[in-house]
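# Architecture and fold: a report
Residues per chain are reported as follows:
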Amino acid sequence: MAGKLDVDAARAAFPALSSGFLYADNAGGSQCLASVVARVSHYLLNTNVQLGADYSVSVTSTNRVAAGSEAARELFNAESADEVAFGSSSTMLVENLARAIEADVRAGDEIIITGEHESNAGPWKRLAARTGAVIKLWAATPLPAHPNNPYAVGLQLPALLPLIGAKTRLIAFTACSNILGALVPVTDVVREARRVAASHGARKLEFCLDCVAYAPHRRMDVQAWAVEYCYFSFYKVYGPHTSALYARRSALTSSLSSLAHHFLRVDAKPYKLQPGGPGYELTYATTAGTLQEGWDAVAAHEQTLLAPLLAYLRGKAARGVRIVGAEDAGLARVPTVSFVVIGERAIRSPDVVKAFDKKGTVGIRYGHFYAYTLVDMLEPKVPTDDGVVRISLVHYNTVDEVQRIIDILEEVLA
């Protein structure tokens with residue numbers, strides 16, 4: 001049974017929270033631990049030298065950056081830190097991955113993507129254009145549990161399996177939707193996809209998993225998932241603005257060409273995905289701390305935030321509120337909640353958010369949040385530029401803050 005999360009202790013680690021401002025746009029970027037800022041500062045002021053030299057300060061700097069790779073390895077639950085590359089953003093890392101895998105993709109190979117965040121779609125579309133590969137879309141489909149809400153959609157395994165055939169080379173999907181808040185059963189997806197691909201005699205099937213919206217809420221486990229590639233952004237998990245990509249050791253050597261300088265011997269190293277070094281101070285700052293064994297407590301606390309917010313929005317169905325995604329709380333959902341207001345008294349998503357902005361003490365957002373295809377495919381049609389209203393909470397948010405959000409929504413929807 002999960003222990004109870006000490007929310008006050010968690011909040012004390014984030015100086016920004018002392019202002020009283022209600023941060024509810026966490027899916028766009030979380031607040032930063034004070035210990036992260038201290039490490040960035042200490043690195044730049046005391047060990048800001050090139051790595052790999054034998055003098056003492058360089059040895060310290062090299063060890064600090066290596067510790068950052070180990071911190072990312074721990075979060076991924078990867079076998080080795082030599083399976084972890086760093087980059088300025090998740091989008092850039094996947095673009096590098098698509099460039100590195102290009103020589104191992106043949107004309108006619110099929111790449112399955114989703115309508116979720118474009119970081120795990122755009123690079124594969126561009127790769128297909130360069131190589132003659134074929135793109136297939138695993139679309140979000142209506143959830144049977146909510147037949148009266150056309151916006152209650154999600155990624156479902158039965159919609160994926162018919163897309164898999166003898167030429168399927170890569171499946172790029174998300175572990176958690178940054179719009180729908182839904183967790184995808186990664187283990188089931190990978191197992192069943194491999195089974196179907198094998199039955200068709202597929203040459204090689206690999207997976208690229210987007211964990212950007214997953215990592216703040218649940219523990220990643222690339223070994224249990226058996227995926228070749230996985231990525232997340234540290235600035236979504238209380239750290240500096242840098243990102244990490246996992247590439248399984250076997251994939252590094254058998255599927256990926258090096259993007260590094262030709263004279264560097266990095267065939268089995270993640271540096272082959274880093275044309276140049278990472279931001280050293282940012283990599284070191286990722287060592288500031290992890291949640292360790294607190295994931296169950298985080299998940300349990302997040303349900304206390306999610307349940308009243310979803311209940312309120314469900315109760316406003318007659319007013320035209322439609323939740324985008326599953327309408328019920330539960331451990332298959334994180335507290336990222338999107339909705340629209342439709343009907344005779346429809347309210348544009350930007351106007352809902354504007355009412356919050358005028359309060360000056362609460363931050364939420366509207367838009368497609370780079371899941372452009374997902375929002376564009378919603379039916380009845382939602383203006384893509386307006387998108388959805390999104391309220392995204394994490395472990396340092398409180399039940400009282402949820403009530404503050406509900407009180408403002410009451411004014412907006414009156």
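A brief report on the enclosed structure follows. (Residues numbered from 1 in each chain as written. Predicted model: local features only at pLDDT ≥ 70, side-chain atom pairs only at ≥ 80, totals over all residues. Heavy atoms only, no water.)

### Concerning the pattern of salt bridges
Close approach of charged atoms allows side chains of opposite charge to pair. The line we're drawing: Each salt bridge in this description consists of a side-chain nitrogen of Lys or Arg and a carboxyl oxygen of Asp or Glu lying within 4 Å of one another. Helix and strand labels come from DSSP, where a helix needs a run of H or I of at least four residues and a strand needs a run of E of at least two; each type is numbered from the N terminus. The cut-offs for exposure are 20% and 50% of the maximum accessible area for each residue type, with area from a 1.4 Å probe on protein chains only; residues under the lower value are buried, those over the upper are exposed, and the others partly exposed.
Enumeration according to the criterion identifies 27 salt bridges in this entry. Ionic pairing is found between aspartate 104 and lysine 204, a salt bridge with its closest N-O pair at 2.8 Å. Here the residue aspartate 104 occupies a position in the loop between helix 4 (90-101) and strand 3 (110-114), and lysine 204 occupies one in the loop between helix 7 (186-199) and strand 8 (206-210), the gap between them amounting to 100 residues. Measuring nitrogen to oxygen at the nearest pair gives 2.9 Å for the salt bridge that ties arginine 194 to glutamate 228. Within this pair, whereas arginine 194 is found in helix 7, its partner glutamate 228 is found in the loop between helix 8 (222-225) and strand 9 (229-233), the two being separated by 34 residues in sequence. For glutamate 228, a relative accessible area of 6% puts it in the buried group.

### Some details on the environment of valine 389
Note the cut-off: Only heavy atoms enter the contact rule, under which two residues are in contact if any of them lie within 4.5 Å.
Tracing the sequence through the fold places valine 389 in strand 15 (residues 388-392). Dropping the residues within four chain positions of it, valine 389 is found in contact with Val337, Ser338, Phe339, Ser349, Val352, Val353, Ile364, Arg365 and Tyr366.

### Brief notes about the nonpolar core
In plain terms, the rule: Among buried residues, those of type Ala, Val, Leu, Ile, Met, Phe, Trp, Tyr and Cys that are joined through side-chain atoms within 4.5 Å constitute a nonpolar core.
Phe76, Phe173, Trp225 and Phe232 are the most contacted members of the largest nonpolar core, which totals 53 residues. Sort the elements by how many residues they give to this core and helix 7 lands first, with 6 residues. The residues touching phenylalanine 173, leaving out its near neighbours within four places in the chain, are Thr114, Asn120, Trp138, Val184, Val186, Val189, Val190, Phe207, Cys208, Leu209 and Asp210. Grouped together as the second largest cluster of nonpolar side chains are 29 residues, Ala24, Leu409, Val412 and Leu413 included.

### Regarding the side chain of glutamate 95
Relative to the helices and strands, glutamate 95 resides in helix 4. Glutamate 95 sits in the buried class, given a relative accessible area of 17%. Sequence-distant contacts of glutamate 95, that is, excluding residues within four places in its chain, are made with Pro123, Arg126 and Arg130.

### Some points on the pairing of strand 12 (residues 336-341)
Condition: If DSSP finds at least two bridges between two strands, the strands pair.
For strand 12, a buried count of 6 out of 6 residues is recorded, marking the element as mostly surrounded by other parts of the structure. With 4 bridges connecting them, strand 11 (residues 321-324) and strand 12 associate as antiparallel partners. Across the sheet, arginine 322 pairs through a bridge with valine 340, a residue of strand 12. With 4 bridges joining them, strand 12 and strand 15 adopt antiparallel strand pairing. Residue pairing across strands places phenylalanine 339 opposite valine 389, the latter belonging to strand 15.

### A closer look at helix 14 (residues 399-412)
To keep things clear, this is the line we draw: Here the expected length of a helix is defined as 1.5 Å per residue gap, with one fewer gap than residues. To be clear, the arc concerns the directions from the helix axis to the C-beta atoms.
For helix 14, spanning 14 residues, the distance from its first C-alpha to its last is 20 Å, which sits close to the expected 20 Å at 1.5 Å a residue. Among all positions in helix 14, only Glu401, Val402, Ile405, Ile406, Ile408, Leu409 and Val412 are buried. End-on view of helix 14: buried residues confined to an arc of 165 degrees, all on one side of the axis. Exposed residues pointing more than 90 degrees away from the buried face of helix 14 are listed as Asp400 and Glu411.

### Quick word on the sheet that holds strand 15
Using the following cut-off: Lines fitted to C-alpha atoms define the axes here, with helix axes fitted over just the stretch in contact, and angles between the N-to-C directions of these axes take values from 0 to 180 degrees.
On the basis of which strands lie adjacent, the open sheet formed by 4 strands has the order 11-12-15-14 and antiparallel pairing. Every other strand in the sheet has two partners, leaving strand 11 and strand 14 (365-367) as the edge strands with one partner each. Along the sheet, successive strands turn relative to each other by an average axial angle of 35 degrees, direction set aside.

### Quick notes on the sheet that holds strand 9
Sheet strands pair via backbone hydrogen bonds, and the direction of the pair is either parallel or antiparallel. A sheet is described by the order of its strands in space; here 7 strands give the open sequence 2-10-9-8-7-3-4, paired in mixed fashion. Single-partner strands in this sheet number two, and they are strand 2 (84-87) and strand 4 (134-138). Adjacent strand axes in the sheet meet at a mean angle of 20 degrees when their direction is disregarded. Along the sheet, helix 5 (residues 122-131) makes contact with strand 3, strand 4, strand 7 (168-174) and strand 8, crossing strand 3 at roughly 155 degrees.

### Comments concerning unusual backbone geometry
With omega at -5 degrees, the peptide bond leading from glutamate 379 into proline 380 counts as cis. Tracing the sequence through the fold places proline 380 in the loop between helix 13 (372-376) and strand 15. A positive phi is found at alanine 226, a non-glycine position, where the angle reads about 60 degrees. Along the chain, alanine 226 turns up in the loop between helix 8 and strand 9.

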